[in-house]
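# Reading the structure
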Amino acid sequence: MSAVWRASRAAVKRRRLQTFVIGLVVLCSTTTVLLALGLLAAASAPFDRAFDEQRGAHTVAAFDPAKASPEQLVRTARRPGVEAAAGPFGQTVLEMPDDWLWMSAGSLGVVGRADPNGPVDRIRLLEGRWATAPGEIVVNWPVDGTPGPGRLGTRLEPRGAPPLTVVGFATSMSKSAGAWVSPEQMARMHPTTAQMLYRFTNAATERELRTGLTTATAGLPAGSLGTAQSYLTLKRAFSAQADAYLPFMTLFGVLGLLVSVLIVGNVVSGAVVSGHRHIGVLKSLGFTPNQVVAVYLTMVSVPALIGCVLGVVSGNAVAGPLLRVAFSGVETGSASVGVSRWPSVVCLLGMPALVAVAALIPAARAHRLSAARAIAAGSAPRTGRGLRVQRRLGGSRLPRAVSLGMGQPLARPARSLLTMAAIVLGVTTVTLTTGLTSTMVAYGQAGKSDGAPRIDVQAGSSARGRTAPAGSDRRTERLLRSLPGADQVTVRALTKVSLGGHTQTVFANFYRGDTRALASEIVEGRWPAGAGEAAAGPAFLHQHGVSVGDRVTVRLNGKEAPVTIVGKTMEGNAQALESTWQTLFRLDPTAQAAEYTVRLAPGADARKYIAAVKAADPSLRAALLRSDNAATTTVVGFASVFTVLLTVVAALGVFNTVLLNVRERRRDLGMLKSIGMTPRQVTVMTVSSVMVPGVIGGLLGIPPGIVAHRLVVDHVGVVAFPESMKQVWHLPQLAALVVAGVTIAVLGALVPARSAARLTIAKVLHNE
Amino acid sequence: MTTDSDSSRQVVVRLEGVHKDYGDAKALDGVSLEIRAGEAVAVMGPSGCGKSTLLNMVAGLDRPTSGTVRVHGEDLGRLNETGLALFRRRHVGMIFQFFNLIDDLPALDNVALAAQLTGTSARQARRRALELLDELGIAGRKDTYPAALSGGERQRVAVARALMNRPALLLADEPTGALDSRSGEQVMDLLIDLNQIGQTLLIVTHDPHLATRCASRLIEVADGRVARESTLEPTA
Ligand SMILES: Nc1ncnc2c1ncn2[C@@H]1O[C@H](COP(=O)(O)OP(=O)(O)O)[C@@H](O)[C@H]1O
Ligand SMILES: [Mg+2]
């Protein structure tokens with residue numbers, strides 16, 4: 001074994017550059033794969049862990065206490081298929097007239113519970129203590145960390161109910177309530193529904209959950225089950241954003257793996273071919289064929305291992321910020337999103353294994369090679385077609401240095417194909433990224449393509465709630481329209497409403513005025529027009545299990561309104577619904593708008609307009625709307641990083657090939673120089689040798705890139721791109737992509753070309 | 001063709017105090033010599049004494065550690081890499097022990113290459129290459145690839161290539177070293193013929209027979225120095 005080790009070490013030393021290239025390629029692709037896996041892991045594992053820790057409720061069900069008695073509900077816990085149950089707990093919805101704590105005015109679902117622990121939904125107390133006495137309330141903190149003890153003691157004044165003091169903050173992965181009070185306090189608030197929390201033995205799918213609930217509630221009077229919320233919905237909400245990034249991360253990961261395999265295969269087969277003499281010497285020294293293969297495997301395994309370890313380190317370093325972006329704004333509860341260990345383990349074991357397999361195939365050739373043939377390797381007769389082409393090239397009008405270079409790939413067709421494959425993958429990546437960038441930029445520009453400035457105006461009263469006199473928002477609207485420069489004014493009221501079938505409340509935006517710009521964001525159906533119509537983004541629809549045409553019930557202030565989803569917007573908050581002013585009027589006739597968006601006429605001066613607003617009504621806060629889009633920045637940012645990585649890797653593939661070619665052709669180079677080839681001609685010749693593979697690689701790489709782009713834009717869960725944004729391919733761009741192929745090739749060839757140009761001939765001729 | 005080193009003739013090569021070190025090893029240790037137009041000079045000496053190094057200095061393939069090399073009036077030390085390439089193109093032709101032909105090109109294109117690099121059109125270059133192959137008696141092998149040529153044939157193709165640009169100086173490094181004796185003789189005859197029509201020759205060899213047959217002057221090198229210089233009587 002030590003002989004193998006010594007021979008490998010010598011081989012590595014003689015191929016420092018290639019060793020470095022293998023290491024770098026493995027490093028880059030390990031980083032990419034690790035990120036994709038890390039994202040995949042974070043998308044579900046932390047939720048599952050935190051959910052299991054709290055023994056989260058698979059189903060949170062609300063019953064009508066008038067129809068089902070507490071005894072009947074308790075009995076459901078003993079039905080088959082129910083693993084554990086808690087409740088019944090009294091439940092009601094409070095209306096918060098003003099913005100409170102960190103939340104906006106609207107509905108708040110409250111449950112009466114004596115104890116945060118129990119068989120199901122063990123609520124984790126973050127600050128303060130549990131509500132035990134009347135007048136006390138514990139509020140759910142939905143995101144990472146805690147709100148801190150500073151906000152304990154806040155007084156809440158719900159409409160039509162006695163005031164409550166916040167004595168604690170807690171978090172429930174089951175999202176069983178927005179806040180909790182003691183059962184005595186709940187009794188005073190006249191609970192409208194009874195909450196039961198269930199864990200089922202089979203709870204992997206929505207179907208199993210439905211079956212479980214049906215079995216559990218089979219004995220109850222008809223119509224007693226009101227709504228049921230599935231934990232799978234919560235899980236989807238948790239991972240929605242990360243899921244949106246997954247398709248393109250996965251694609252980049254796969255591309256990275258392919259490139260690594262190609263490069264490693266290419267490098268090893270190159271080493272075997274150019275090492276024929278070396279193999280012969282090893283064999284004549286008494287190395288067995290297996291030992292020879294071992295030498296070649298060791299030769300690539302050492303840099304691959306180092307690259308893999310460094311890749312895992314850098315991947316873990318980048319994963320942190322990536323996960324922060326992917327989970328920004330997600331209600332993670334007590335699930336701590338972090339980089340898990342297993343992707344690192346998978347990479348550390350998998351990447352070297354993959355490299356070994358990629359190396360094994362060409363190394364097997366070394367196994368078969370006879371010692372005599374290996375030593376005598378050299379002027380093997382070449383194939384006819386390649387020679388004819390070279391002949392024709394020699395007679396063409398091209399400068400001889402160019403035609404000589406163009407003929408070179410024909411001498412080693414297999415190697416040239418591998419190189420071309422690296423270029424194909426590089427161009428595929430560039431295609432995918434430019435496509436993604438175009439789509440994301442178009443998306444970022446959506447609705448403001450006319451370049452007209454938009455001004456956001458907040459009514460000063462919003463923070464203090466609806467203390468403004470009734471009808472004052474109409475006056476404000478008129479004022480904003482009358483100021484010079486105003487073109488369109490959109491009026492918006494934001495409130496939290498509860499949605500039939502869900503314990504969580506959602507945001508609802510109600511609009512009046514000019515909604516043309518908003519309507520342009522519709523990708524399916526139409527913008528809501530009258531009372532009882534709404535639109536929502538893909539994330540909302542997905543997470544709430546509704547689609548265009550469905551009807552939902554919206555509840556606010558104890559009033560209910562049926563609402564039909566008439567349109568799907570391109571994007572949108574997973575927890576927000578867009579509707580009309582008429583719908584709001586049905587729920588709350590006294591509601592006032594708090595926010596206005598003014599689109600100025602093209603060319604109007606935004607600063608003058610803002611000043612005019614302030615002068616006319618000092619209570620209004622006006623500011624220029626800047627549209628920086630986190631999704632756009634993230635996708636474009638990461639796509640760019642990966643493109644750079646994979647382009648570098650592809651260029652390194654070319655680099656390695658050209659390096660091998662230059663090495664093998666040193667004698668030819670020496671001769672060419674001896675007959676007067678100038679350094680510039682040597683460079684031209686070497687670069688020309690990759691031109692044709694570059695152009696062909698460019699042409700072949702574009703279609704898969706276009707397909708990959710399609711795949712990604714069709715599967716970004718949180719954004720539904722309209723067709724116009726998906727069609728980003730135009731002739732000049734496509735031409736530029738072919739140029740990209742050539743550029744990758746030339747970049748890779750340039751360094752070895754320059755070193756070939758500087759090669760000292762005397763040395764070459766002496767060594768041969 | 002000459003029996004005297006006629007001092008009236010033009011000096012083609014002049015080395016003055018040329019040293020060449022490879023690390024600690026002294027490949028050349030103060031070599032000075034002159035070669036005049038039309039001469040055929042043979043350099044002899046044991047393996048590793050610095051013969052090839054000396055030849056490379058003259059061809060501008062390598063630079064001396066110290067000393068000057070002038071060829072055709074040109075101080076090679078003053079030329080950059082491109083300048084050296086252009087110098088070789090115009091003034092020297094080289095042949096090597098192992099021929100150094102390009103395996104992927106047939107004989108004709110291997111020869112034409114030398115002219116094509118200077119921008120001569122493919123047609124013209126091939127025409128002249130064919131003339132040369134014809135003169136060297138291997139026109140019939142013009143479409144054959146090096147792998148299918150005999151050693152002697154390969155060396156003739158190499159000679160033809162070296163002559164393509166009508167060099168003032170033909171350098172040969174052990175031109176018969178890889179050939180059987182019959183092919184070696186033929187290549188030798190070819191070199192003698194070339195010298196007869198005025199081609200200046202510098203031949204490195206360790207074959208005394210070759211040296212005495214071809215050369216008008218003999219330079220013996222030992223340990224990187226010129227050990228002895230002698231004028232030879234033509235034996236042919
Ligand atoms: N490129 C080189 N690097 C290191 N040593 C060299 C190189 N070229 C020649 N030498 C050394 O210089 C000496 C002379 O070499 P060379 O001129 O090739 O000898 P010859 O042609 O007479 O056999 C030898 O010792 C050789 O090892
Ligand atoms: Mg020698």
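Residues numbered from 1 in each chain as written. Chains lettered and ligands numbered in written order. Predicted model: local features only at pLDDT ≥ 70, side-chain atom pairs only at ≥ 80, totals over all residues. Heavy atoms only, no water.

### Considering the packing of helix 22 (residues 679-714) of chain A against helix 24 (residues 731-758) of chain A
Residue and element names in this part refer to chain A. What counts is decided by this rule: Helix axes use the C-alpha atoms of the stretch in contact, all axes being lines fitted to C-alpha atoms, and the angles between their N-to-C directions lie in the range 0 to 180 degrees. The helix and strand labels rest on DSSP assignments: H or I over at least four residues marks a helix, E over at least two residues marks a strand, and numbering proceeds from the N terminus. Should an angle fall under 35 degrees it is called roughly parallel, over 145 degrees roughly antiparallel, and 65 to 115 degrees roughly perpendicular, with every other angle called oblique. Here is the rule for handedness: rotate from the far helix to the near one, and if that takes an anticlockwise turn smaller than a right angle the crossing is left-handed, while a clockwise turn gives right-handed. Ten residue types, Ala, Val, Leu, Ile, Met, Phe, Trp, Tyr, Cys and Pro, are classed as nonpolar, four, Asp, Glu, Lys and Arg, as charged, and the remainder, Gly among them, as polar.
For the pair helix 22 and helix 24, interaxial distance at closest approach is 6 Å and the crossing angle is 150°. Taken as axis vectors, helix 22 and helix 24 run roughly antiparallel relative to one another. Crossing of helix 22 against helix 24: the hand is right-handed. Residue composition of the contact of helix 22 with helix 24, by class: 20 nonpolar, five polar and one charged.

### Quick word on the site of ligand 1
Convention followed: We define proximity as follows: a residue is near a molecule or strand when any one of its heavy atoms falls within 4 Å of that partner. Pairs of N or O atoms are called polar contacts if they sit within 3.5 Å, as long as, within protein, a hydrogen donor faces a hydrogen acceptor (for residues adjacent in sequence, only side-chain-to-side-chain pairs). Accessible surface is estimated by sampling points in the Shrake-Rupley manner with a 1.4 Å probe; for residues, cover comes only from the protein chains shown.
With respect to spatial proximity, twelve residues lie near ligand 1, and among them Gly48, Gly50, Lys51, Ser52 and Thr53 of chain B are the closest. Those chains with residues close to ligand 1 are chains A and B. Within the backbone of Cys49 of chain B, one N or O atom sits 3.3 Å away from an oxygen atom of ligand 1. Between ligand 1 and Ser52 of chain B, the relevant distance is 2.7 Å, taken from an oxygen atom to a side-chain nitrogen or oxygen of the residue. In the complex, the protein chains occlude 73% of the 550 Å² of accessible area that ligand 1 would expose alone. If you list the elements that add at least two residues to the shell around ligand 1, you get helix 25 (761-767) of chain A together with helix 1 (51-59) of chain B. Counting residues per element, the shell around ligand 1 draws most heavily on helix 1 of chain B, at three residues. Split into classes, the residues belonging to the shell around ligand 1 amount to four nonpolar, six polar and two charged.

### Digging into the side chain of Thr144 of chain B
Keep this limit in mind: Any two residues whose heavy atoms approach within 4.5 Å are treated as being in contact.
One can find Thr144 of chain B in the loop between helix 4 (122-135) and helix 5 (151-163). Discounting chain neighbours no more than four positions away, the residues touching Thr144 of chain B are Pro106, Ala107 and Leu149 of chain B.

### Remarks on the packing of helix 4 of chain B against helix 5 of chain B
Residue and element names in this part refer to chain B. Running from amino to carboxyl end, helix 4 crosses helix 5 at an angle of 130°, the nearest separation of the two axes being 9 Å. Looking at the two axes, helix 4 sits oblique to helix 5. Considering only the axes of helix 4 and helix 5, their crossing is right-handed. Contacts between helix 4 and helix 5 involve Arg128, Leu132 and Leu133 from the former and Val157, Ala160 and Leu163 from the latter. In the contact of helix 4 with helix 5, the residues fall into five nonpolar, no polar and one charged.

### Some remarks on the nonpolar core
Rules: Each nonpolar core is a collection of buried residues, namely Ala, Val, Leu, Ile, Met, Phe, Trp, Tyr and Cys, held together in the definition by side-chain atoms within 4.5 Å. Burial here depends on accessible area, computed with a 1.4 Å probe over protein chains only, as a share of the maximum for the residue type. Under 20% is buried, over 50% is exposed, and the range in between is partly exposed.
In terms of nonpolar packing, the biggest core is built from 78 residues, with Val26, Leu39, Phe63, Tyr198, Phe200, Phe252 and Ile263 of chain A touching the most fellow members. A total of 16 residues in this core trace back to one element, the largest contributor, which is helix 7 (residues 231-274) of chain A. Of all hydrophobic cores here, the second largest spans 70 residues; its members include Leu101, Ala107, Ala158 and Leu210 of chain B.

### Some remarks on the environment of Thr490 of chain A
Residues and elements named next belong to chain A. Relative to the assigned elements, Thr490 resides in strand 12 (residues 486-499). Note on Thr490: relative accessible area 12%, which makes it buried. When the C-alpha atoms of Thr490 and Asp456 are compared, they prove to be 9.7 Å apart, with 34 residues separating the residues in sequence. If near-sequence neighbours (up to four positions away) are discounted, Thr490 is found in contact with Tyr511, Arg512, Asp514, Thr515, Leu518, Glu595, Tyr596 and Thr597. From its side chain, Thr490 meets the backbone oxygen of Asp514 in a polar contact 2.7 Å long.

### A closer look at a nonpolar patch on the surface
Residue and element names in this part refer to chain A. Our working definition: Exposure above 30% relative accessible area and the lack of any salt bridge qualify a residue for a patch; like charges then connect within 9 Å, and the nonpolar side chains Val, Leu, Ile, Met, Phe, Trp and Tyr within 5 Å. Salt bridges are identified by distance alone: a Lys or Arg side-chain nitrogen within 4 Å of an Asp or Glu carboxyl oxygen.
Residues Trp5, Val302, Ile306 and Leu310 make up a contiguous nonpolar surface patch of roughly 360 Å² in combined accessible area. With three residues, helix 9 (residues 289-326) is the single largest residue contributor to the nonpolar patch. Inspection of the secondary structure puts Trp5 in helix 1 (residues 2-14).

### Some words on the interface of chain A and chain B
Interfaces are frequently sized by the accessible area removed from exposure as the parts join. Note the following rule: Defined here as a combined quantity, buried area equals the accessible surface (1.4 Å probe) lost by two parts on assembly, summed across both.
In this complex, chain A contributes 28 residues to the contact, which on the side of chain B involves 30 residues. Taken together, both faces of the contact between chain A and chain B bury some 2,800 Å²; the carbon and sulfur share is 57%. It is Arg391, Arg400 and Ile675 of chain A that lose the most area in chain A upon contact with chain B, and together they represent 24% of the buried surface on that side. Viewed at the interface, chain B and chain A are joined by zero salt bridges. For the side of chain A that touches chain B, the secondary structure elements donating two or more residues are helix 12 (384-394), helix 13 (400-411), helix 21 (666-674), helix 22 and helix 25 of chain A. With six residues, the top contributor of residues to the side of chain A that touches chain B is helix 21 of chain A. Looking at the side of chain A that touches chain B, its residues break down into eleven nonpolar, ten polar and seven charged.

### A word on the sheet that holds strand 1 (residues 11-22) of chain B
Residues and elements named next belong to chain B. The test is simple: In this description, strands pair whenever DSSP reports at least two bridges between them.
Taken in spatial order, the four strands of this open sheet run 2-1-4-5, and their pairing is antiparallel. Strands at the two margins of the open sheet, each flanked by one partner only, are strand 2 (25-36) and strand 5 (74-75). Across the sheet, helix 1 is in contact with strand 1, strand 2 and strand 4 (66-71); its angle to strand 1 comes to roughly 125°.

### Topic: the environment of Leu354 of chain A
Residue and element names in this part refer to chain A. In this fold, Leu354 is placed in helix 10 (residues 342-368). Between the alpha carbons of Leu354 and Leu257 there is a distance of 8.9 Å; along the sequence they are 97 residues apart. Setting aside its immediate chain neighbours within four residues, Leu354 contacts Leu257 and Val261.

### Section: a positive patch on the surface
Residues and elements named next belong to chain A. Applicable threshold: Only four residue types enter the tally: Lys and Arg on the positive side, Asp and Glu on the negative side; His and the chain ends are excluded. Each charge is placed at NZ for Lys, CZ for Arg, CG for Asp and CD for Glu.
A cluster of basic side chains, namely Arg6, Arg9, Lys13 and Arg16, defines a positive patch on the protein surface. The leading source of residues in the positive patch is helix 1, at three residues. Assignment of secondary structure puts Lys13 in helix 1.

### As for the confidence of the model for chain B
Residues and elements named next belong to chain B. Short version of the rule: Residue-level confidence of the predictor, termed pLDDT, takes values from 0 up to 100.
Predicted confidence across chain B gives a mean pLDDT of 86, with 95% of residues reaching 70 or more. Ranking the elements of chain B by mean pLDDT puts helix 7 (residues 208-214) last, at 83, and strand 4 first, at 92. Note that residues 1-5 has pLDDT below 50 and, in this model, nine contacts with residues that lie over four places away or in other chains. Across the assembled chains, the prediction reports ipTM 0.85 with pTM 0.67.

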